[in-house]
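Chains, contacts and geometry: an overview
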Amino acid sequence: MMKAIEKLLIKNDELKFVCVGLDTDINKIPKHLLSSEEPIIEFNKSIIKATKNYAAAYKINFAFYEVHGSKGFDLIKKTLSFIPDDVLTIADAKRGDIGNTSEMYAKSIYEHFGFDSVTLHPYMGKDSLQPFLNYSEKLNFILALTSNPGSSNFEKQILNDGSFLFQRVIKSVAEWNTLNNCGIVFGATNPNELISNLDAFENLTLLLPGVGAQGGSFKDILKIFSQHKRKNFIVNLSRGLLYLSSRNDYMIETEKEISRLNQVAEQFFK
């Protein structure tokens, strides 16, 4: 079985850096789909069909499925079945707890659902993440600097040595990456922050949210990474891909956009 990091690096070598965020909101999908038996499944299936030849990864945000109760877990499983085996799947569940609780979360994400990777928060320390880190073939994206305004409340607190708390997280994750199965979530809204922390990332893979609706620039990210000769990153896009049209042509518009983004990437790396 191919390791999660291997799946992603192959896509990166193909100059594919877009992570399709399946934050599917039934109130935003094209209205004509609402008459189908499972509108969310119909939408996800068609979006995956339109993007599977271009995507580096798919990220399923659990909140958009858990809101539907127990049915939501079925929606997740069905959506996963449409994603090609050679494309990375990310459970955006932001887990992080202690002891047996974390172990059960890890089994749920990696064994029950069968995801390749997950988002985790490190606030409770390494032991809260260890059950996930024990899965050597998986990839764990740990929150460092997020793209929301409230990131300054804790993530940008200054420590005694003058560094930010998020920088301590990056340093710690680099130390925990003994099995090459760790990555970092780092907001893409401020290019200067990305540049100033590049060296600290070492060989960690980056998941970059914040492009599009939150103000981050895909081209800025490509410019930074190409100049530093790094390709181990993915940029998450959700609303900027999913809801480009409310008509029957929504699949066409989504495919056009992700294809265009890949062409932009080729201009920077070739």
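Note that the coordinates shown come from a computational prediction; the quantities given were computed from them, not determined experimentally. (Residues numbered from 1 in each chain as written. Predicted model: local features only at pLDDT ≥ 70, side-chain atom pairs only at ≥ 80, totals over all residues. Heavy atoms only, no water.)

Side note on the overall build of the protein
Within the protein, the secondary structure is distributed over 12 helices and eight strands. For 270 residues, the compact-globule estimate of 2.2 N^0.38 gives 18 Å, and the protein sits close to it at 18 Å. Each principal axis of the C-alpha atoms in the protein carries an extent, and together these give about 60 × 45 × 40 Å. Every one of the 270 residues in the protein was classed for burial, and the buried ones make up 53%. When contacts within the protein are restricted to residue pairs at least 6 apart in sequence, long-range pairs at least 24 apart make up 72% of them. When the accessible surface of the protein is totalled, it reaches about 12600 Å², and 49% of it is carbon and sulfur. Distance between charge centres in the protein, computed from 31 positive and 31 negative side chains, equals 4 Å. (Helix = DSSP H or I, 4+ residues; strand = E, 2+ residues; numbered from the N terminus. Rg over C-alpha atoms; globule rule 2.2 N^0.38 Å. Buried < 20%, exposed > 50% of the residue type's maximum accessible area, 1.4 Å probe, protein only. Contact = heavy atoms within 4.5 Å. Areas by Shrake-Rupley, 256 points an atom, 1.4 Å probe, with all protein chains shown as cover. Lys, Arg positive; Asp, Glu negative; His and termini not counted. Charge placed at Lys NZ, Arg CZ, Asp CG, Glu CD.)

Some points on a nonpolar patch on the surface
Where nonpolar side chains cluster on the molecular surface, the patch consists of Ile98, Tyr123 and Met124 and spans about 350 Å² of accessible area. Mapped onto the elements of the fold, isoleucine 98 is located in the loop between β3 (88–95) and α5 (99–113). Take isoleucine 98: its relative accessible area is 41%, and that puts it in the partly exposed class. (Patch = residues over 30% accessible without salt bridge, like charges linked within 9 Å, V, L, I, M, F, W, Y side chains within 5 Å. Salt bridge = Lys/Arg side-chain N within 4 Å of Asp/Glu carboxyl O.)

Examining the sheet that holds strand β1 (residues 18–21)
Taken in spatial order, the eight strands close into a barrel running β1-β2-β3-β4-β5-β6-β7-β8, and their pairing is parallel. Neighbour to neighbour, the strand axes of the sheet diverge by 30° on average, direction disregarded. Note that strand β5 (residues 139–145) and strand β6 (residues 182–186) share five bridges and pair parallel. Paired with phenylalanine 141 across the strands is glycine 183, a residue of β6. Sheet strands touched by α5: β3, β4 (117–120) and β5. Its angle to β4, the strand with the most contacts, is close to 145°. Relative to β5, helix α8 (residues 165–176) is tilted by about 160°, and along the sheet it contacts β5 and β6. (Pairing = 2+ DSSP bridges. Axes fitted to C-alpha atoms, helices over the stretch in contact; angles between N-to-C directions.)

Considerations on the packing of helix α10 (residues 218–227) against helix α12 (residues 250–269)
With their axes 9 Å apart at the nearest point, α10 and α12 run at an angle of 30° to one another. Relative to α12, the element α10 is oriented roughly parallel. Between α10 and α12 the crossing geometry is right-handed. From α10, Phe218, Lys219, Leu222, Lys223, Phe225 and Ser226 reach across to α12, where they touch Leu261, Val264, Ala265, Phe268 and Phe269. The residue makeup of the contact of α10 with α12, split by class, is eight nonpolar, one polar and two charged. (Parallel < 35°, antiparallel > 145°, perpendicular 65-115°, else oblique. Left-handed = near helix turned anticlockwise from the far one by under 90°. Nonpolar A, V, L, I, M, F, W, Y, C, P; charged D, E, K, R; others polar.)

Considerations on the pairing of strand β2 (residues 57–61)
The buried count for β2 comes to five of five residues, which makes it a mostly enclosed element. Along β2, one buried face is formed by Ala57, Lys59 and Asn61 and the opposite face, lined by Tyr58 and Ile60, is buried too. Pairing between β1 and β2: three bridges, direction parallel. Its bridge partner being in β2, cysteine 19 is matched across the sheet by alanine 57. Crossover connection from β1 via helix α2 (residues 39–51) to parallel β2: handedness right-handed. Judged from the five bridges that link them, β2 and β3 form a sheet pairing that is parallel. When the bridges of β3 are listed, alanine 57 appears paired with leucine 88. (Right-handed = clockwise from strand over helix to strand, strands pointing away.)

Considering the packing of aromatic side chains
Under the criterion given, the structure shown has 15 aromatic pairs. On the basis of an interplanar angle of 80° and a centroid distance of 5.2 Å, the ring pair of phenylalanine 186 and phenylalanine 201 is categorised as edge-to-face. Remark: phenylalanine 201 occurs in helix α9 (residues 191–201) and phenylalanine 186 occurs in strand β6; sequence separation between them is 15 residues. Of the two residues, phenylalanine 186 and phenylalanine 201, neither departs from the other in class, the shared state being buried. Members of the aromatic cluster, joined through ring pairs, are Phe17, Phe225, Phe233 and Phe269. (Phe/Tyr/Trp six-rings, centres within 6.5 Å; stacked < 30°, edge-to-face > 60°.)

What about the packing of α5 against helix α6 (residues 126–133)?
Relative orientation of the contacting elements α5 and α6 amounts to 30°, with a least axis distance of 8 Å. Comparing their axes, α6 and α5 come out roughly parallel. Both α5 and α6 take part in a crossing whose hand is right-handed. On α6, the residues that touch Gly99, Ser102, Glu103, Tyr105, Ala106, Ile109 and Tyr110 of α5 are Ser128, Pro131 and Phe132. The class makeup of the residues in the contact of α5 with α6 is six nonpolar, three polar and one charged.

In short, the description is geometric, and any link to function would need to be established separately.
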